[in-house]
Amino acid sequence: MTRRSCAIYAVGIICASLLFVGIGLVVSQGFRTLMHNRLKKEIVLVEGSRVFESWKTPPPPVYMEYFFFNVTNVDAFLEGAKPEVKQVGPYTYREYRYKDNVSMVENNRMVSAYNIKSFVFLREKSVGDPAVDNITTVNIPAWAVMNKVKGSFWKTSMASMLMTSSRSGLFTTRTVDELLWGYEDPLLARVATSSPEVEKVFGLMYKKNGTNNGEFIYHTGVQNYMDYGRVETWQGQSQLTFWASNQSNSINGSDGSAFHPLLNKNERIYIFTPDLCRSIHMEFEKDVEVKGIPAYRFTPPRSVFASKEENPANEGFCVTPQECLGTGLLKVSPCRKGAPVVASFPHFYLGDAKYVAAIKGMSPQRQHHQTFLDLNPTTGVIVRANKRAQINILLSRISGFPKTRTLNETIFPVMFLNESVVIDDASAARVHKLLLIVTLVSNFPLIIVGLGAILLAVLIILLVRARKQKKEVKRTVFTKALYATSTEEDTSYSRVSDKEKEDPQNGTYIGLSPKDDP
């Protein structure tokens, strides 16, 4: 066997082996399964894991923007006119968050922690000075007191007198700082003299700077990767007590800071939000890319805040059967000490058109008012997010308070917030590196198949060249044989003469002459 033949046989054997092994691994998905199992073990909330430190102290910067609705026609509205508001903002704060008092429980199956948030004002990202800029808006403490005492003639009369003596109207003008971080309200101060449990200070973000909202216990994902970051209990409760059904009171999903790896487009993402006192869900909307990282965008559908007629599952969120609001709204008074607070998306986005039409100055736009999460499907990492919510007050006629007699039921906007985050460059680089490793390992069988295909091409070339050379050798041999036969037939040997034959000096001469034709 020649050296060339040996090479062809060797290439053929290696090619067949690579193709057989590679195709087998592709069909079995062995390397992909191996990589996915590795991810499931790495992405867990335990000490020393790949994600634990970034979960405790998230590196990407978070920004909180506040937009207020300044009322421009208070007197006309109190006389029955359509209210007019003008959006003022943003007033932007850098939000610093971290997990405090972190401790492992139940043999690393769960982890407990307190979520601490603090805010620092950023003048360069804001429209003005919150300590100077004034906003005219609904007097929330006054409406909270009126709603608390309605139905009782004696309490209503007392509250009306206190409002008159404290000069508390239905609307108030305060600075942005006061509305956000708190001010001593004269009406609440008077109520507190007889009811010590009542806070004298009111603010939309009062006691929310540098504080926490209770203990969370999370699943670590050690037992099941699908449970990674899922909230087990909040403030010691696995079920809420604010709503009318078990489904509505369920605590589902994570707190919005962690999501399990290996996401797919067909699943629902659940998030428990203490600010809304409930869990909401999000659904896949589209593929996006952030800093070169592929991501799935999840958004809350209209059904989340749909009316009970449009989504019967939401009937449990009705405070009473008579207090069921329309699509796009959620009355959160059960967890706001009875205050008539109503949550919605900004500018009543995804809500009934009647709420938008009732307030001059509302203009819902998907680009500016949609809440969304962009998650890398392989790792579950948040690469970009915008949480947007609006605080409204339910205004209506309340018996015993003459100033409300001209009012029709109105969902009055006070402010909306936009909490946003984009993955930082350092974290993005780490995600890129991890995705590259996952891609290479998962596609290793394809690399083997590719090498096998290359060797197959080499084998084909070698076989073709070997065949050509074999044909050339056969042609050369045939030509030489043919030439030799023709010479023998056309040539003969003969003596020139007898004399020359007998010449003693020169010996015998042989002459070459053509053979005569027969």
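This text follows the structure it describes.
Treat the numbers as computed from the prediction; the structure is a model and nothing was measured.

Q: Tell me about the overall build of the protein, and name the residues and values.
A: The number of helices and strands found in the protein is 14 helices and 19 strands. The 518 residues of the protein split such that 43% are buried. Summarising the internal contacts of the protein: among those between residues at least 6 apart in sequence, 64% fall at separations of at least 24.

Q: Go over the state of the cysteines, please, and point to the residues and values.
A: The final tally for this structure, using the stated rule, is two disulfides. The disulfide partner of C318 is C324, and the gap between their sulfur atoms is 1.7 Å. Sign of the S-S torsion, about 115 degrees for the bond between C318 and C324, identifies this disulfide as right-handed. Assessed through its relative accessible area of 13%, C318 is described here as buried. C324 sits in the partly exposed class, given a relative accessible area of 25%. Across the protein, the way the bonded cysteines pair up, counted in sequence order, is 1-4, 2-3.

Q: Lay out the pattern of salt bridges in plain terms, naming residues and giving numbers.
A: For the coordinates displayed, the defined rule picks out 23 salt bridges. Across the pair R366 and E285 runs a salt bridge whose closest N-O atoms are separated by 2.6 Å. Linking R366 in helix 11 (residues 366-369) with E285 in strand 11 (residues 278-290), this pair joins segments that are 81 residues apart in sequence. With relative accessibility at 24%, the residue E285 sits in the partly exposed group. A salt bridge links K291 to D425, with the nearest nitrogen and oxygen atoms 2.8 Å apart. Here D425 lies in helix 12 (residues 425-442) and K291 lies in the loop between strand 11 and strand 12 (293-299), a separation of 134 residues in the sequence. For K291, a relative accessible area of 39% corresponds to the partly exposed category. Looking at D425, the relative accessible area reads 58%, which means it is exposed. Each of the salt bridges in this network shares a partner with another, and the network as a whole consists of E95, R97, K117, D275, K387 and E419.

Q: Account for the side chain of E95, naming residues and giving values.
A: Position of E95 among the secondary structure elements: in strand 2 (residues 85-105). Taking relative accessible area as the criterion, E95 reaches 2% and is therefore assigned buried. Residues within four places of E95 in sequence aside, it is in contact with V62, M64, K117, S118, F119 and E419.

Q: Describe the packing of helix 5 (residues 140-149) against helix 8 (residues 186-194), with residues and values.
A: Contact pair helix 5 / helix 8: the axes reach a minimum separation of 8 Å and the direction vectors enclose 40 degrees. Taken together, the axes of helix 5 and helix 8 are oblique relative to one another. Across the interface between the two elements, P141, A142 and V145 from helix 5 touch L187, L188 and V191 from helix 8. Across the contact of helix 5 with helix 8, the residue classes tally to six nonpolar, no polar and no charged.

Q: I'd like a description of helix 8, backed by residues and values.
A: Since there are 3.6 residues in each turn of an α-helix, residues three or four apart along the chain are aligned in direction. Here helix 8 has its buried residues at L187, L188, A189, V191 and A192. Looking at the buried residues of helix 8, the elements they touch are helix 5, helix 6 (153-165), strand 6 (183-184) and strand 7 (201-202). Taking the backbone nitrogen of L187 as reference, a side-chain oxygen 3.1 Å away marks D185 as the first, capping residue of helix 8.

Q: Please give an account of the nonpolar core that cites residues and values.
A: Counting 102 residues, the largest nonpolar core has Y66, F68, W143, F171 and F412 as its most contacted members. Aside from chain neighbours lying at most four places away, what touches W143 is V138, L170, P340, I393, L394, L395, S396, I398, T404 and L407. Within the second largest apolar cluster, nine residues are counted, among which are V290, I293, V431 and L435.

Q: So, the packing of aromatic side chains: which residues are in play, and what are the values?
A: Taken as a whole and judged by the stated rule, the model has 22 aromatic pairs. Taking the centre distance of 5.8 Å and the plane angle of 85 degrees together, the rings of F77 and F171 count as edge-to-face. Here F77 is found in helix 4 (residues 74-78), whereas its partner F171 is found in strand 5 (residues 171-175), with 94 residues between them in sequence. Taken as a pair, F77 and F171 share a single burial class, namely buried. The ring of F317 is capped by R278, whose NZ or CZ atom sits 3.9 Å from the centre of that ring. Sitting over the face of the ring of F372, R297 holds its NZ or CZ atom 3.8 Å from the ring centroid.

Q: Requested: an account of the packing of helix 5 against helix 6, with residues and values cited.
A: Remark: helix 5 packs on helix 6, axes separated minimally by 9 Å, with the N-to-C direction vectors making an angle of 165 degrees. By the angle between their directions, the pair helix 5 and helix 6 is classed as roughly antiparallel. With respect to the hand of their crossing, helix 5 and helix 6 are arranged in left-handed fashion. Of the residues in helix 6, those touching helix 5 at A142, V145, M146 and V149 are K155, T156, A159 and M163. Counted by class, the contact of helix 5 with helix 6 contains six nonpolar, one polar and one charged residues.

Q: Account for helix 6, with residues named and values stated.
A: Given a rise of 1.5 Å per residue, 13 residues ought to cover 18 Å, and the 18 Å separating the end C-alpha atoms of helix 6 matches this to within 8%. By the burial criterion, the buried members of helix 6 are T156, A159, S160 and M163. For helix 6, the angular spread of buried residues about the axis comes to 105 degrees, placing them on one side. Of the exposed residues in helix 6, the ones pointing more than 90 degrees away from its buried face are W154 and M161. Immediately beyond the C-terminal end of helix 6, within one or two residues, lies R167, with a positive phi of roughly 55 degrees.

What counts, and at which threshold
Residues numbered from 1 in each chain as written. Predicted model: local features only at pLDDT ≥ 70, side-chain atom pairs only at ≥ 80, totals over all residues. Heavy atoms only, no water. Helix = DSSP H or I, 4+ residues; strand = E, 2+ residues; numbered from the N terminus. Buried < 20%, exposed > 50% of the residue type's maximum accessible area, 1.4 Å probe, protein only. Contact = heavy atoms within 4.5 Å. Disulfide = S-S within 2.5 Å. Salt bridge = Lys/Arg side-chain N within 4 Å of Asp/Glu carboxyl O. Axes fitted to C-alpha atoms, helices over the stretch in contact; angles between N-to-C directions. Parallel < 35°, antiparallel > 145°, perpendicular 65-115°, else oblique. Nonpolar A, V, L, I, M, F, W, Y, C, P; charged D, E, K, R; others polar. Polar contact = N/O pair within 3.5 Å; in protein donor to acceptor, adjacent residues only side chain to side chain. Core = buried A, V, L, I, M, F, W, Y, C linked by side-chain atoms within 4.5 Å. Phe/Tyr/Trp six-rings, centres within 6.5 Å; stacked < 30°, edge-to-face > 60°. Lys NZ or Arg CZ within 6 Å of the ring centre and 35° of its normal. Left-handed = near helix turned anticlockwise from the far one by under 90°. Expected span 1.5 Å × (residues − 1). Arc of directions from axis to C-beta.

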